[in-house]
Amino acid sequence: MTLSELVAGWIAARSINRAPSTISGYKRLNRLYVTGSRVGGIQIEDLTDLDMVELLRPLIDRGCTRQAQLLQILVSAALKSAVKKRLIVFNPMDEIDHVKHRSKITPWLTVDQARKLLTSSAEAGDPYYIAWLLMLCCGLRRGEMLALAWTDIDYPRAVLHVYRQHIDVDGVHMITTPKSASSIRDIPLDDHLLTVLRLQARPSGAILEGVSRTMLADALDRALLRAQLPRVTLHGLRHTMAAVAAGDGIPVKVLQSLMGHAHYQTTADIYAHVNQRPRIEAARLISHTLIGARLEI
């Protein structure tokens with residue numbers, strides 16, 4: 001059995017309980033970086049730690065450390081299962097260091113820039129205006145926005161029901177429930193937002209009917225260019241919502257609920273990135289303590 005065959009079998013055995021998007025991601029990693037590679041064609045009993053380095057090195061050299069990290073996790077898990085089944089004596093991936101990855105901070109818009117994007121889009125009659133509005137005000141993920149229907153806006157209760165996501169599995173577009181239960185949430189809508197939504201609303205159907213992930217990303221690029229704003233990604237709009245919340249002093253636990261994060265630390269890390277006020281205040285207090293009194297004399 002080759003490494004590529006082992007990984008493919010490991011993926012197939014886990015396709016019952018794991019989300020389709022997760023399995024699709026596993027298959028993509030195997031297809032792109034294992035199948036067809038020299039290492040992927042080696043019999044598993046002949047694999048060495050140097051083969052593992054060779055498998056990961058091209059991604060690391062290109063700076064794709066997150067992809068290398070995911071590939072290492074996938075291949076190591078498959079090899080670990082082979083050890084458990086006594087197909088091999090040891091896992092060669094255990095003999096090398098873990099790939100290190102440093103997450104990049106997602107750029108976001110300032111409050112003034114977000115307002116400019118909305119104003120420019122409204123004035124231009126941008127058909128995606130409603131998407132920018134909801135993603136900025138509600139912190140929706142890209143897949144959540146694409147799966148949203150007009151009937152998900154609950155006007156009597158003044159909430160937005162978020163319980164579906166749009167995913168791409170092997171080139172096929174699907175609407176599924178989120179992987180995390182915390183992603184299923186009701187987001188309160190204030191009177192101003194409800195008024196705008198009523199003006200834009202349609203009787204039924206998807207809010208972004210027939211729109212793909214690529215189409216939505218391209219539309220945002222056009223909208224930002226038209227408004228003469230710096231480029232941010234769709235995820236950057238979600239970060240913008242977090243930045244506004246941090247600036248308004250909204251507690252992290254409340255923001256976690258609004259954003260649908262499964263883990264408090266995820267929200268806290270984003271909050272720390274976007275909220276500069278505590279750091280600025282700390283720097284001011286330190287400087288004042290050390291030199292402020294002397295400078296005031």
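What you see is a predicted model; the values in this text were computed from it and never measured. (Residues numbered from 1 in each chain as written. Predicted model: local features only at pLDDT ≥ 70, side-chain atom pairs only at ≥ 80, totals over all residues. Heavy atoms only, no water.)

On to the packing of aromatic side chains. The tally for this structure, following the rule as stated, stands at two aromatic pairs. Both rings, one in Y128 and one in W132, keep their centres 5.9 Å apart while their planes meet at 25°; by these two values the pair is stacked. (Phe/Tyr/Trp six-rings, centres within 6.5 Å; stacked < 30°, edge-to-face > 60°.)

What follows concerns the packing of helix α3 (residues 49-61) against helix α4 (residues 65-84). Running from N to C, α3 and α4 point in directions that differ by 160°, and their axes come no closer than 8 Å. The angle between the axes of α3 and α4 places the two elements in the roughly antiparallel class. For the pair α3 and α4, the crossing hand works out as right-handed. Of the residues in α4, those in contact with M52, L55, L56, L59 and I60 of α3 are T65, Q67, A68, L71, Q72, V75 and L79. Tallied by class, the residues present in the contact of α3 with α4 amount to nine nonpolar, three polar and no charged. (Axes fitted to C-alpha atoms, helices over the stretch in contact; angles between N-to-C directions. Helix = DSSP H or I, 4+ residues; strand = E, 2+ residues; numbered from the N terminus. Parallel < 35°, antiparallel > 145°, perpendicular 65-115°, else oblique. Left-handed = near helix turned anticlockwise from the far one by under 90°. Contact = heavy atoms within 4.5 Å. Nonpolar A, V, L, I, M, F, W, Y, C, P; charged D, E, K, R; others polar.)

The next subject is the pairing of strand β2 (residues 159-162). Where burial is concerned, the two faces of β2 agree: the one with V159 and H161 and the one with L160 and V162 are both buried. In this sheet, β2 lies alongside strand β1 (residues 153-154) in antiparallel orientation, the contact comprising two bridges. Bridge assignment links D154 to a residue of β2, and that residue is V159. Where β1 hands over to β2, the hairpin turn is made up of four residues, of which A158 adopts a positive phi near 60°. Sheet analysis places β2 next to strand β5 (residues 185-188), joined by four bridges and oriented antiparallel. Residue V159 lies in a different strand from β5, and its bridge partner there is P188. (Buried < 20%, exposed > 50% of the residue type's maximum accessible area, 1.4 Å probe, protein only. Pairing = 2+ DSSP bridges.)

Our focus in this paragraph is the sheet that holds β1. If you trace the three strands from one edge of the open sheet to the other, you get β1-β2-β5, paired in antiparallel fashion. Looking along the sheet, the strands with just one partner apiece sit at the ends: β1 and β5.

This part takes up the state of the cysteines. In this structure the tally under the stated criterion is zero disulfides. Its sulfur unpaired, C137 is 6.1 Å from the next cysteine sulfur, which belongs to C138. Looking at C137, the relative accessible area reads 40%, which means it is partly exposed. (Disulfide = S-S within 2.5 Å.)

Backbone geometry at A158 places phi at a positive 60°, although glycine is not the residue there. Here A158 shows up in the loop between β1 and β2. Positive phi is not limited to glycine here, since Q228 has a value of about 55°. Position of Q228 among the secondary structure elements: in the loop between α9 (213-226) and α10 (234-247).

By themselves these figures say nothing about function.
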